[in-house]
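# Fold and contact review
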Amino acid sequence: MNNKKKIMVSIFTVFLLLFSSSVASAKVMWGKTELKKGQIGRVTILTNVTATKINENTLTQDKRLNFSSITIFNNRALL
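These lines cover the structure that appears in this document, whether it is placed above or below. Here the residue numbers are simple positions, counted from 1 along each chain's written sequence. Only residues with pLDDT of 70 or above have their local features reported here, since the model is predicted, and side-chain atom pairs are shown and tallied only from 80 upward, although totals for entire chains, interfaces and linings are computed over all residues. Neither water nor hydrogens contribute to the side-chain values; these are computed over all heavy atoms in the structure.

## Topic: the layout of surface pockets
Convention followed: Every definition here rests on a 1 Å grid over the protein atoms only: cavities are sets of points where a 1.4 Å probe fits but cannot get out, pockets are open sets enclosed by protein on both sides within 12 Å along at least five of seven lines, and lining residues have some atom within 4 Å of a point. Grid points are joined across faces, edges and corners, and a volume is the space filled by probe spheres set on the points. A run of DSSP states H or I qualifies as a helix once it reaches four residues; a run of E qualifies as a strand once it reaches two. Both are numbered from the N-terminal end.
Size it by volume and the largest pocket reaches roughly 410 Å³. Around the largest pocket, the lining is made up of 12 residues, and of these Thr52, Lys53, Ile54, Ile72 and Phe73 lie nearest the centre. Elements with a contribution of two residues or more to the lining of the largest pocket: strand 4 (49-55), strand 5 (58-65) and strand 6 (68-73).

The following block contains the structure:
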């Protein structure tokens, strides 16, 4: 009787290990785009603007942006 229980528990454990779901890898969608690691927002540009870049605590002009949708990423450590 005791051996049957051990065998049943062993079979059940093996079954759970073999057929358990793995880590979910579903894509998280935000509108029509996939949410990526580090993404903190999305901006839709309605008029022509100049993008700026942070270089050693100073802002410098980077490039001209036309009507588009861009993704914003966090590149600084949060304290």
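Here the narrative resumes.
## As for the pairing of strand 5
How we decide: The criterion for strand pairing is that DSSP finds at least two bridges linking the strands in question.
For strand 4 and strand 5, the ladder comprises 7 bridges, and the chain directions are antiparallel. Note on strand 5: the bridge partner recorded for threonine 52 is glutamine 61. Hairpin connection, strand 4 to strand 5: the antiparallel pair is bridged by 2 residues, and glutamate 56 has positive phi, about 50°.

These results come straight from atomic positions and should not be treated as a statement about function.
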